[in-house]
Amino acid sequence: MKKFSLTSFSVDHPWLIVAIIAIITLGFAIQIPKITIDTDPKNMLPATSDVRVYNDSVEKDFALHKDTIVLGIINKNGIFNQTTLEKIARITDEAQKLKGVVTRDITSFTTVDDVISTSDSITVKPLMSEVPKSQQEIDGFKKSIYENPIIVDRLVSRDGTATAIYIPLEPGANGKEVADRVRDIASKEKGNEEYYVAGDPVARDTFGAEMFKQMGFFSPISGMVMFITLYLLFGNLGLISSVMAVAMISIIWSMGLLIGLGYPVHIMSSMIPVFLMAIATDSIHIFNEFYFRFRELRSHAERGNERAESGNARRQAVLDTMKVVGQPVKYTALATAAGFGVLAIMHIIPVKVFGIFIAFGTIVIRLMSFSLIPAVMMLVSEKKILTAASGEDEAENRTANILKNLGAVGTHKSALVVVAGILVLAIAVVGISTINVNNNMVNWFKKGSDVRESDRIMNEKLGGTALGYVVAVSGEDDFIKKPETMKYIETLQRDLEKLPNVGKTFSVVDYVKRISKVFNNNDPAFDKVPDTKEAIAQYLFMFSMSAKQSDLDNVVDYPFRKANIWVQLKTWDAKAIQDVIDKVKTYTSSNPLPGAEFKPAGTAYFNLVWNNEVLYDMLKGFILALIIVFVILVFNFRSFKWAVVAYMPLLFTITVIYGAVGFIGKDFDMPISVLSCLSLGMAVDFAIHFISRFRRRLEDSVVADSSASLNTPINGQLLTDSLLWTAARPGKGIMRNAILFATAFSAMVFAPLTPYVTVGLFIASMMFLSALMSIIYLPALIILFKGWLFKKQ
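Each value, and the rule that gives it
Residues numbered from 1 in each chain as written. Predicted model: local features only at pLDDT ≥ 70, side-chain atom pairs only at ≥ 80, totals over all residues. Heavy atoms only, no water. Helix = DSSP H or I, 4+ residues; strand = E, 2+ residues; numbered from the N terminus. Expected span 1.5 Å × (residues − 1). Bend = angle between axes of the 7 residues up to and from the residue. Buried < 20%, exposed > 50% of the residue type's maximum accessible area, 1.4 Å probe, protein only. Polar contact = N/O pair within 3.5 Å; in protein donor to acceptor, adjacent residues only side chain to side chain. Pairing = 2+ DSSP bridges. Axes fitted to C-alpha atoms, helices over the stretch in contact; angles between N-to-C directions. Contact = heavy atoms within 4.5 Å. Parallel < 35°, antiparallel > 145°, perpendicular 65-115°, else oblique. Left-handed = near helix turned anticlockwise from the far one by under 90°. Nonpolar A, V, L, I, M, F, W, Y, C, P; charged D, E, K, R; others polar. Salt bridge = Lys/Arg side-chain N within 4 Å of Asp/Glu carboxyl O.

A few words on helix α25 (residues 640–663). The terminal C-alpha atoms of α25, which comprises 24 residues, lie 34 Å apart, in line with the 34 Å expected from a rise of 1.5 Å per residue. Of all the bends in α25, the greatest reaches close to 25° and is centred on Y647; the proline P649 follows between one and four positions later. In terms of burial, α25 is largely enclosed, as 17 of its 24 residues are buried. Structurally, the start of α25 carries an N-cap: the backbone nitrogen of K641 is 3.3 Å from a side-chain oxygen of S639. Directly beyond the C-terminal end of α25, a positive phi value near 80° is found at G665.

Right, let's talk about the sheet that holds strand β6 (residues 466–473) for a bit. The antiparallel open sheet is built from four strands, whose spatial order is β7-β8-β6-β9. Edge positions in the open sheet fall to β7 (502–506) and β9 (597–601), since each of these has one partner strand only. Shown here is a sheet whose adjacent strand axes are inclined to one another by a mean of 25°, direction ignored. Sheet topology places β6 next to strand β8 (residues 562–569); eight bridges connect them, and they run antiparallel. Bridge assignment links L467 to a residue of β8, and that residue is Q568. Sheet contacts for helix α3 (residues 50–61): β6, β8 and β9; angle to β9, the most-contacted strand, approximately 105°.

Contact pair helix α2 (residues 14–29) / helix α14 (residues 372–379): the axes reach a minimum separation of 8 Å and the direction vectors enclose 135°. Classified by the interaxial angle, the pair formed by α2 and α14 is oblique. Considering how the two elements wind past one another, α2 and α14 form a crossing that is left-handed. Where α2 approaches α14, its residues P14, W15, I17, V18 and I21 are matched on the opposing element by L372, A375, M378 and L379. Of the residues contributing to the contact of α2 with α14, the split by class is nine nonpolar, no polar and no charged.

What follows is about the pairing of β7. With four of five residues buried, β7 is to be regarded as a mostly interior element. For β7 and β8, the ladder comprises four bridges, and the chain directions are antiparallel. Each residue of the ladder has a partner; that of V502, found in β8, is L569.

Turning to the pattern of salt bridges, a few remarks are in order. A complete count under the given rule lists 28 salt bridges for this structure. Taking the shortest distance from any N to any O, the salt bridge between E193 and K87 comes out at 2.5 Å. Residue E193 is found in the loop between α6 (175–187) and β5 (194–198), and its partner K87 is found in helix α4 (residues 82–95); the two are separated by 106 residues along the sequence. Both residues of the pair, E193 and K87, count as buried. D200 serves as the salt-bridge partner of R204, at 3.3 Å between the closest nitrogen and oxygen. Here R204 pairs with D200, and both are found in helix α7 (residues 200–234), just four residues apart, close to one helical turn.

As C-alpha cells, this is what we get:
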C-alpha cells in the first residue's frame with residue numbers, strides 16, 4: 001500500500017485543502033471575541049505561591065489596600081497659598097465621588113488626621129478641616145505641617161512646592177480608568193499648578209491598555225511591511241499571500257485555542273502573534289527552492305527533458321522542493337517547538353501558557369508548510385510563477401553572487417574568521433557579566449511619557465511612589481507596646497532611611513512619638529518613645545478613640561503582636577527593595593531583637609519575587625531548551641559532530657546579543673528573556689537549513705564525480721564548491737528570511753512602549769547576526785574542522 005503523503009495530497013487536491021483549513025480556522029476565530037485580559041503581574045505567580053499568600057495575609061492583618069494611585073500637585077511658587085489649597089480641597093472632594101475608589105481612606109490635607117492637645121488629653125481632627133484664608137492662617141497651617149514629621153515627605157515636599165493625594169482603589173478597579181478620571185478632575189482646575197498621576201496600578205493598567213493598542217497598530221504595520229518585502233523578494237502576489245495566510249492561520253488557531261480554553265491574555269501571551277509571525281517566515285525557504293526548481297525544470301523542458309515534457313513541471317517542482325527542503329523545515333519546527341514547549345514544565349502559569357501555545361502555533365505553521373503552501377503553489381498561474389522566478393539563477397543572480405562571496409570569506413579564510421569570532425565572544429562575555437536582572441514596569445514606557453515623567457517627578461519631590469513593607473512579627477501579645485521594641489523599630493527606620501532609594505519610612509512608632517510630644521505641650525524633649533509600656537498603651541488608646549480606624553490598623557495589629565513599617569522607595573527597580581531586605585537582615589543579625597523577626601512584604605517585594613521567579617524560571621527553561629535542541633540536532637544530522645557545528649551559530653548569537661544587553665546597560669527583563677527563546681529558534685533554523693542542504697549537495701557532487709567516493713577523503717574542491725553553492729542558493733533563502741523580519745519589525749522601534757522597541761531592535765539584529773553566522777561562520781568551521789567532520793567512522 002502506497003504511503004500517504006500530505007504534500008502529494010495537497011498538490012492533487014488544492015481546493016479541498018484550502019476549504020478544510022478555512023473551516024477549521026473559522027472554528028478557532030469564533031473563540032476570539034471571548035477574550036479576557038489580565039495585565040496584573042500578581043497573576044504571573046500561582047495564587048498558592050508563598051509571596052501571594054503572605055502578601056494577602058499582611059494586607060488582611062493591617063487593613064491595607066492592594067493598589068493606590070498618587071496624584072501629585074506641584075506649584076513652583078509654593079503650594080501654601082489660598083488658591084492652591086482650595087484646589088487641593090476641591091480635587092479631594094471630587095476624587096471621593098469616583099467609582100472604584102475607597103472613599104474613606106483617601107489621604108490628603110483635608111482627610112489626614114492631625115493630633116492636637118486639649119488640657120489633659122489629645123484630639124484628632126483633619127489636618128485642614130477648612131482652607132485657611134488669611135496669610136496668618138496660612139503661615140500657621142504651614143508651621144503645623146512642618147512640625148509634624150509624619151506629614152513631611154509623605155504629603156508635602158520639604159521645599160513646599162508639592163503635595164500628594166493618595167487614592168486607594170477597590171479590588172478589581174482599573175488603575176488607568178481611575179487615573180484618567182482623576183486627570184479629568186485636575187484638568188478643570190486652571191492656574192500655575194501642575195498635576196502628575198503615578199503609582200503601580202497606573203503603570204500596570206496603562207501598560208495593559210497601551211499594549212493591546214500597540215499590538216493592534218504595529219502588528220498590521222509589520223504585516224504590511226512583510227507583505228511588501230515578500231513581493232519585492234518573490235514578485236508573486238498569490239504565493240506571498242500564502243506566507244501571510246500561514247502566519248495569520250497560526251495566530252488565529254493559537255489565540256483562538258488559548259481563549260477558548262478560558263485562559264486570559266496576559267503580558268506574555270499578548271506577544272504570541274509577534275513570535276508566530278517571526279516563525280512563519282521559515283516558509284521562505286520553500287519558495288526560495290521552489291523558484292530555483294521550477295525554473296530549472298522549465299529550462300529542461302525546453303531542451304526536451306522527459307520529466308518536464310509531461311506538462312506537470314509545476315507539480316514536480318513542488319514535490320522536488322519539499323523532498324529536499326522538507327526535512328530541514330520539519331526539524332527546524334521541532335527545534336523551535338521544543339524550545340518554547342519546554343516552558344510548559346515551568347511553575348509560573350503565564351510562562352506555561354506562552355510556551356505551550358507558541359509550540360502549538362509552530363506545529364500549525366509546519367502543518368501549513370506541507371499542505372496549504374503546496375496547494376497554493378498549484379493554484380497560481382505557471383506563467384506568473386515563471387516570470388517571478390526568471391531571476392533565480394545562482395550563477396547570474398547578483399544577490400546569489402554576493403552571498404557566494406560572503407561564503408568564500410569563511411571558506412578561504414577559515415582560521416581568521418574563527419579567531420575573530422572567538423574574540424567577539426570573549427568581548428560579549430564581558431558584557432554579559434555586567435547584566436542587571438530587573439523588571440521595572442515604569443521603565444517600559446519611553447522617557448518623556450506621562451507615566452514615566454509623573455513617576456520621576458513625584459519621586460524627586462516626595463518619599464517615593466513604590467511601596468514596600470517590613471513587618472515585625474512576634475508571638476507575644478502587646479510585644480509591640482514594649483519600649484525596647486518601639487526603640488528598635490525606630491532605629492531600624494533611621495537605618496533604612498540611609499539607603500539612597502528609600503525616601504521615607506513610617507510606623508506606629510511615629511504616631512507614638514507624635515502623641516508624646518503633643519500631649520506634653522509640644523515640648524521637643526518628649527518627641528521620643530516613652531520609657532514605659534503603660535505610657536505607650538495610654539497614648540495608643542487615646543489615639544484610637546479619635547482617629548480613623550485605618551490610621552492604627554495600617555501599622556499595627558490589635559493583639560499588638562505585629563507592626564508594619566511602611567517603606568517608600570524612589571524607584572520600582574527590584575534592587576531597591578532588595579537593598580532594604582539586605583539592610584534589615586544585616587541590622588537584625590548584628591542587633592537581634594529577642595522574640596521578633598522582620599519580614600518584607602508589599603507590592604515592591606512582590607515585584608522583586610516576581611522578577612526573580614519569572615526571569616529565572618525563563619532562564620532555567622531556556623537552558624533546558626538548549627539541551628533538548630542539541631539532542632534534536634543530533635537526531636536530525638545523525639551525527640554528534642555535525643550537531644556541534646550547527647550549535648555554534650546559536651551559542652554565538654545568544655552570547656553576542658546578551659553581551660550587547662550588558663554593554664548598553666539594558667536591564668535583563670521579561671521582553672529580553674522572551675526574545676531568548678526566539679533567538680534559539682532562528683539561529684538553529686538557519687544552521688539546520690544550511691548544513692542539511694550543504695551535506696545533500698556534497699553527497700550529490702560526490703556521486704556525480706566518478707573520481708570521488710563517499711568512502712574516501714572528501715575532495716577539497718568538491719567541499720569548497722558545495723559550500724559556495726549552499727551560501728548562494730539556500731543562503732539566499734536564509735538572507736531573505738533575515739531581511740523580511742528585520743524590515744517588518746523595525747517599525748516597532750517607533751512604538752511608545754519600550755518592550756516593543758526592544759522586540760523590534762533585537763529581532764532585526766538577531767536575524768542578521770544569525771544569517772551572517774550561517775553564511776560566513778559555518779563554512780569557516782566546516783573547512784577548519786573538515787578532518788574531524790569527514791573522518792571515516
